[in-house]
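So you can see what is in the structure, the chains are spelled out below.
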Amino acid sequence: MATILAIESSCDETSASVCVDGRILSNFIANQTVHEKYGGVVPELASRAHMQNIVPVVDAAIKKAAEIHDSPFTIHDIDAVAFTQAPGLIGSLLVGTQFAKSLALALDKPLIAVHHMQAHVLANLIADPKPGFPFLCLTVSGGHTQIVLANSPYDLKVIGETIDDAAGEAFDKSAKLLGLPYPGGPLIDKYAQQGNPLAFKFAEPQIPELNFSFSGLKTSVLYFLQAQQKEDASFIEKNLNDLCASVQYTIINILIKKLKKAVKQTGVKNVCIAGGVSANSGLRKELKENGDKNGWSTFIPAFEYCTDNAAMIAITAYYKYLNKEFAALDISPTARAEW
Ligand code: KG4
Ligand code: ZN
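For every chain, the first residue of its written sequence is number 1, and the numbers climb from 1 along that sequence. A letter from A marks each chain and a number from 1 marks each ligand, given out in the order of writing. Totals for whole chains, interfaces and linings use all residues, but because this is a predicted model, local features are given only for residues with pLDDT of at least 70 and pairs of side-chain atoms are given and counted only at 80 or more. Heavy atoms throughout the structure, all of them, feed into the side-chain values; hydrogens and water do not.

S.K.: Describe the sheet that holds strand E8 (residues 155-161), listing the residues and the values that go with them.
M.R.: One open sheet holds the five strands; their spatial order is E8-E7-E6-E9-E10, and the pairing between them is mixed. One side of each edge strand has no neighbouring strand; the edge strands of this open sheet are E8 and strand E10 (297-299). Mean inter-strand twist for the sheet, computed between neighbouring axes without regard to direction, equals 25°. With six bridges connecting them, strand E7 (residues 145-152) and E8 associate as antiparallel partners. Looking at the pairing, Ser 152 lines up with Asp 155 of E8. Two strands qualify as a pair provided DSSP detects at least 2 bridges between them. Helix and strand assignments follow DSSP, with helices taken as H or I runs no shorter than four residues and strands as E runs no shorter than two, numbered in order from the N terminus. As a rule, the C-alpha atoms of each element are fitted with a line to give its axis, helices using only the stretch in contact, and angles between N-to-C directions run from 0 to 180 degrees.

In C-alpha cells, the structure reads:
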C-alpha cells in the first residue's frame, strides 16, 4: 500500500491531492482570482496567496480522502509527501516545497520531487481508459507546448516544443488584443463556439521538425485588428465570435499538424493531450476526429486533471514511490528545469 499526499504550487493554483495505490481519493484546487485585474499572474501575489491557501487545501484533501477511504485515516497514515519541484514561478514553488519538506520531516516520511511537465503527461494515467505505452502526448499549457514520447512512466522524451510562445500564451495574448480579460483562453473557446472558424485567416508559421512557434500569430492578429479598427472602430465588437473561432482554428491547426507528423515519425498511435489548453473544446473535438479518421486511440484527461492540479503530481509520485525515487530534505525548487 502506498498513500501519497501531493502538493502543487507552481503557478497560481494551490492544490493538494491524496492518492492510494494509484487511485486518486481527493484533489482540491484553490484558484487565485487576485491576478485578474493585472492581466496576468503577479508572482509576488501568487506566493502570498499560496501561503494563505496551502494549509486549508491540504486539510481539505486529507479530510475528503478520509471520507472515501475504507479504514480510519489521518495525515499520519500517509507514506510519502510529494511536491512540484520545477518548473514554475520560484516564489510559488518555494511555498509548496517548504511545506512538503516540513511535513515530511515532521511525519518522518519520504519526500518525492515531481517535474510539473512530466506530471501533466502522466495525468493521462489517472483514470480509465488509460493509454498503453508507448504513447504520444501533446502538452499544451500557459507556459509550455511540447510533444512527448512516453515509453514508460520513467522514460519520457520531449520530441518537439515551442521555440517562442506557448499555445496557452497564444490564446491569452490574442484574447487580450480582442479586449478579453485574463486568462482569455477559456473565453476564446466560449465565443468560438458561436463563430465561423474560416471567417478570417491568420499566419501559420513554417517551423521545422516537430517544433512550434506562436509569436507570429499574435503579430498577425495585432496587425489585422489595427487595420480593421481603423476602418470601423467597432470591428472587434461586431465580429468577436468569428475572430475567436478563427484564432482558435489557427492554433488548433498548428498543433494538430505537428501531432500528425509525430505519429507518422514514431509510428505510435496512442495519442493523448494534457495541460490547460487541452480543456479547449475545439482541440478535444479535433483530436477525437483525427483519431477516428487515422486509427489513433485518443485520450484526454478529465477537465480537473487538465489544468494545474495536485492529482497529476500524486500519480507521478506514485510511480516514483514504486521505484523508491526519494528526494533529500535539502532539495530546492528551480524555476526552469531540464527534462
Ligand atoms: O496548465 P495550465 O493550467 O497552467 C500552466 O501550467 O500554464 O494552463 C493554463 C493555460 C492558460 O493559458 C489558459 O488560457 C489556457 O490554459 N486554457 C485554455 C482553456 N482553458 C484553459 N485555452 C483555450 N481554451 C480553453 N478552454
Ligand atoms: Zn501546468
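Now that the structure has been shown, we can carry on.
S.K.: Mind laying out the coordination of the zinc ion (ligand 2), listing which residues take part and the relevant values?
M.R.: The donor set covers N, O and S atoms within 2.8 Å of the metal, switching to 3.2 Å for Na, K and Ca, and it leaves out water, so a site may look short of donors. The zinc ion (ligand 2) binds to the protein through His 116 (NE2), His 120 (NE2) and Asp 308 (OD); the donor distances cover 2.1 to 2.2 Å. If you look at the zinc ion (ligand 2), its four donor atoms make angles of 92 to 151° with each other, and the shape they trace is irregular. Written as a sequence motif, the donor residues of the zinc ion (ligand 2) are H-x3-H-x187-D. One end of the pair is His 116 and the other is His 120, both in helix H3 (residues 116-122) and four residues apart, which spans about a single turn. Here the two residues His 116 and His 120 agree in accessibility, since each one is buried. Under the classification used here, a metal with four donors is tetrahedral if each angle lies between 85 and 135 degrees, square planar if opposite donors are over 155 degrees apart and the others between 65 and 115, a six-donor metal meeting that same test is octahedral, and anything else is irregular. Buried residues are those whose accessible area, probed at 1.4 Å on protein chains only, stays under 20% of the maximum for their type, while exposed residues exceed 50% and partly exposed ones sit between those limits.

S.K.: Please set out the packing of helix H4 (residues 167-177) against helix H6 (residues 215-231) residue by residue, giving values where relevant.
M.R.: Put simply, H4 and H6 touch, their axes get as near as 10 Å, and they point 10° apart. Here H4 lies roughly parallel to H6, going by the angle between them. Handedness of the crossing formed by H4 with H6: right-handed. Contact residues: Ala 170, Lys 173, Ser 174 and Leu 177 in H4; Leu 217, Lys 218, Val 221, Leu 222 and Leu 225 in H6. Comment on the angle field: the value is read as roughly parallel under 35 degrees, roughly antiparallel over 145, roughly perpendicular from 65 to 115, and oblique elsewhere. Crossings are classed by handedness, with left-handed meaning an anticlockwise turn of the near helix from the far one by less than a right angle and right-handed meaning a clockwise turn. The contact rule is simple, with two residues in contact once any of their heavy atoms fall within 4.5 Å.

S.K.: Describe the packing of aromatic side chains, listing the residues and the values that go with them.
M.R.: The pairing test for Phe, Tyr and Trp rings, Trp by its six-membered ring, is centres within 6.5 Å, and the orientation test on the planes gives stacked under 30 degrees, edge-to-face over 60, and tilted for anything in between. Across all of its chains, the model carries eight aromatic pairs by this definition. Ring plane angle 85° and centroid distance 5.5 Å describe the contact between Phe 202 and Phe 224, whose orientation is recorded as edge-to-face. Of this pair, Phe 202 sits in the loop between helix H5 (185-192) and H6 while Phe 224 is found in helix H6, placing the two residues 22 residues apart along the sequence. Looking at Phe 202, the relative accessible area reads 4%, which means it is buried. A network of ring pairs unites the aromatic residues Phe 200, Phe 202, Phe 224 and Phe 235 as a single cluster.

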